[in-house]
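This is what each chain is made of:
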Amino acid sequence: MAIRKKSTKSPPVLSHEFVLQNHADIVSCVAMIFLLGLMFEITAKASIIFVTLQYNVTLPATEEQATESASLYYYGIKDLATVFFYMLVAIIIHAIIQEYVLDKINRRMHFSKTKHSKFNESGQLSAFYLFACVWGTFILISENYIADPTILWRAYPHNLMTFQMKFFYISQLAYWLHAFPELYFQKTKKEDIPRQLVYIGLYLFHIAGAYLLNLNHLGLVLLVLHYFVEFLFHISRLFYFSNEKYQKGFSLWAVLFVLGRLLTLILSVLTVGFGLARAENQKLDFSTGNFNVLAVRIAVLASICITQAFMMWKFINFQLRRWREHSAFQAPAVKKKPTVTKGRSSRKGTENGVNGTLTSNVADSPRNRKEKSS
């Protein structure tokens, strides 16, 4: 009687596309539950907290301003529910961009695993940075920030926000919070997780700080400035992956990166160090949202300066690494050139030597010593 051998087949491995589609479907179902809750009277009150912005105040119209009443918003604990809902929306949009745009490009380009992950990262971030930069610029123009920079510190605390301003901050917090579960969904490498956590944590710390300290005007300007520079970097990296000859974008990004850090420090010192320091009301008041005291101003400036210094340190290391890789790439080409004897002209000697003199590797090589002895 023949004995059947046990099957040694390994269980099927779920593909990356299947995992992304699976988690996107689950998140979509959860988001639909909140939207369907608006249709029923029993659950409408709870669903509204998640879907719509909370804490609105209607100000009556004045003769100097518009004829219609203005609806403004302030922040509160219920904003956490709104941030959670739009975090689910960000996960869904992330999966749509990944499946219908980035995955199709990856199949055509046949990237390696390292380039595949970096291409996905730059593709997602470039789309977000472009959208957020355009949206933030629209708010700056509509609220007259460019024509009157004193709005950054005048009439502080800025505890009342327009619908666009509050929705912008809610969206920013939701997007960077959604990056935490995406580390699992995208199967990020263990060695890359600490870098990503620091990256995400810095964004959440500064955005939440500007939102809670009622420095939303300054935060908006700095975010638009920073997002524009980051967008240029990631779009340059996308072009570099398609063709490695496209490296001019990195040079432009390097210049704008340094200028962006300088402008960030100038605007921060001008707003917090001079504008708020000369304000009349400098008393800590949680009820009105006034945090214009010396300790808070020092903490804000210190956090901004430390972050800019950290980014410059990372930038310098990045440029040094690129310079070393470029030098290492050109070194084999130099070694393959023919050796130069003493009878050759000084012009050819400069190709393998330094300042017209031969190097020790060429002049004192074993082959040359053998020829001299013969």
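Residues numbered from 1 in each chain as written. Predicted model: local features only at pLDDT ≥ 70, side-chain atom pairs only at ≥ 80, totals over all residues. Heavy atoms only, no water.

## Points about the overall build of the protein chain
Stage number 1. Tallying secondary structure elements over the protein chain gives twelve helices and two strands in all.
Stage number 2. Per-residue burial for the protein chain yields a buried fraction of 37% across its 374 residues.
Stage number 3. Within the protein chain, contacts between residues at least 6 apart in sequence are counted, and of these 71% link residues at least 24 apart. (Helix = DSSP H or I, 4+ residues; strand = E, 2+ residues; numbered from the N terminus. Buried < 20%, exposed > 50% of the residue type's maximum accessible area, 1.4 Å probe, protein only. Contact = heavy atoms within 4.5 Å.)

## Focus on the packing of helix H7 (residues 216-242) against helix H8 (residues 248-275)
Stage number 1. Orientation of H7 relative to H8, taken along the N-to-C sense of each, is 170°, at an axis distance of 10 Å. With respect to their mutual orientation, H7 and H8 come out roughly antiparallel.
Stage number 2. Here the contact of H7 with H8 is composed, by residue class, of 17 nonpolar, seven polar and three charged. (Axes fitted to C-alpha atoms, helices over the stretch in contact; angles between N-to-C directions. Parallel < 35°, antiparallel > 145°, perpendicular 65-115°, else oblique. Nonpolar A, V, L, I, M, F, W, Y, C, P; charged D, E, K, R; others polar.)

## Section: the packing of helix H4 (residues 113-142) against helix H5 (residues 163-185)
How two helices pack is summed up by the angle between their axes together with the distance between the axes.
Stage number 1. For the pair H4 and H5, the least separation of the axes is 11 Å and the interaxial angle reads 165°. The pairing of H4 with H5 is recorded here as roughly antiparallel in orientation. Here H4 runs over H5; the crossing is left-handed. Between H4, through Gln-124, Leu-125, Phe-128, Tyr-129, Ala-132, Trp-135, Gly-136 and Ile-139, and H5, the contact on the second element is made entirely by Gln-164, Met-165, Phe-167, Phe-168, Ser-171, Gln-172, Tyr-175 and Trp-176.
Stage number 2. A per-class count over the contact of H4 with H5 returns eleven nonpolar, five polar and no charged. (Left-handed = near helix turned anticlockwise from the far one by under 90°.)

## Some details on the pattern of salt bridges
When their charged atoms lie close together, side chains carrying opposite charge are able to pair.
Stage number 1. A complete count under the given rule lists four salt bridges for this structure.
Stage number 2. We note a salt bridge from Lys-166 to Asp-79, for which the minimum N-O separation is 3.1 Å. Taken together, the residues Lys-166 in helix H5 and Asp-79 in helix H3 (residues 79-109) connect sequence positions 87 residues apart.
Stage number 3. What makes Lys-166 buried here is its relative accessible area of 0%.
Stage number 4. Using a relative accessible area of 5% as the deciding quantity, one classes Asp-79 as buried.
Stage number 5. Several salt bridges share partner residues, and in doing so they unite Glu-121, Arg-195 and Arg-237 into one network. (Salt bridge = Lys/Arg side-chain N within 4 Å of Asp/Glu carboxyl O.)

## Section: the UniProt feature "transmembrane region" (unreviewed entry) in the protein chain
Stage number 1. On the UniProt side, "transmembrane region" (unreviewed entry) is annotated at positions that read residues 26-51, 83-102, 123-147, 167-185, 197-214, 220-240, 252-274 and 294-316 here.
Stage number 2. Helix makes up 100% of residues 294-316 and strand 0%, whereas the separation of the span's terminal C-alpha atoms amounts to 33 Å. (UniProt positions renumbered as here; feature names shortened; annotations may be inferred.)

## Notes on H4
Since one α-helical turn is 3.6 residues long, residues separated by three or four positions face the same way.
Stage number 1. In this model, H4 (30 residues) spans 44 Å end to end at C-alpha, consistent with the 44 Å of a helix rising 1.5 Å per residue.
Stage number 2. Phi for Asn-144, located one or two positions after H4, is positive at around 65°. (Expected span 1.5 Å × (residues − 1).)

## What to know about the side chain of Gln-196
Stage number 1. Structurally, Gln-196 can be placed in helix H6 (residues 193-212).
Stage number 2. Ignoring any residue separated from it by four or fewer positions in sequence, one finds Gln-196 in contact with Glu-121 and Leu-183.

## Side note on a nonpolar patch on the surface
Stage number 1. A contiguous nonpolar surface patch, about 660 Å² in accessible area, is contributed by Met-32, Leu-35, Leu-36, Leu-38, Met-39, Phe-40 and Ile-48.
Stage number 2. Take the nonpolar patch: its biggest share by element is three residues, from helix H1 (residues 16-37).
Stage number 3. Residue Leu-38 is classed as partly exposed on the basis of its relative accessible area, which comes to 36%. (Patch = residues over 30% accessible without salt bridge, like charges linked within 9 Å, V, L, I, M, F, W, Y side chains within 5 Å. Areas by Shrake-Rupley, 256 points an atom, 1.4 Å probe, with all protein chains shown as cover.)

## A look at the side chain of Ser-126
Stage number 1. Positionally, Ser-126 belongs in helix H4.
Stage number 2. Classification of Ser-126 as buried rests on a relative accessible area of 7%.
Stage number 3. Within the structure, Ser-126 has its side chain in polar contact with the backbone oxygen of Ser-122 (distance 2.8 Å).
Stage number 4. A polar atom in the side chain of Ser-126 sits 3.0 Å from the backbone oxygen of Gly-123. (Polar contact = N/O pair within 3.5 Å; in protein donor to acceptor, adjacent residues only side chain to side chain.)

## Describing unusual backbone geometry
Stage number 1. In this model, Tyr-156 is joined to Pro-157 through a cis peptide bond whose omega is 10°.
Stage number 2. With respect to the helices and strands, the residue Pro-157 is situated in the loop between H4 and H5.
Stage number 3. Not every positive phi belongs to a glycine, and Tyr-55 is a case in point at roughly 65°.
Stage number 4. Relative to the assigned elements, Tyr-55 resides in the loop between helix H2 (41-51) and strand E1 (56-59).
Stage number 5. Its identity is not glycine, yet Lys-187 carries a phi of approximately 55°, on the positive side.
Stage number 6. The residue Lys-187 is located in the loop between H5 and H6 in this model.

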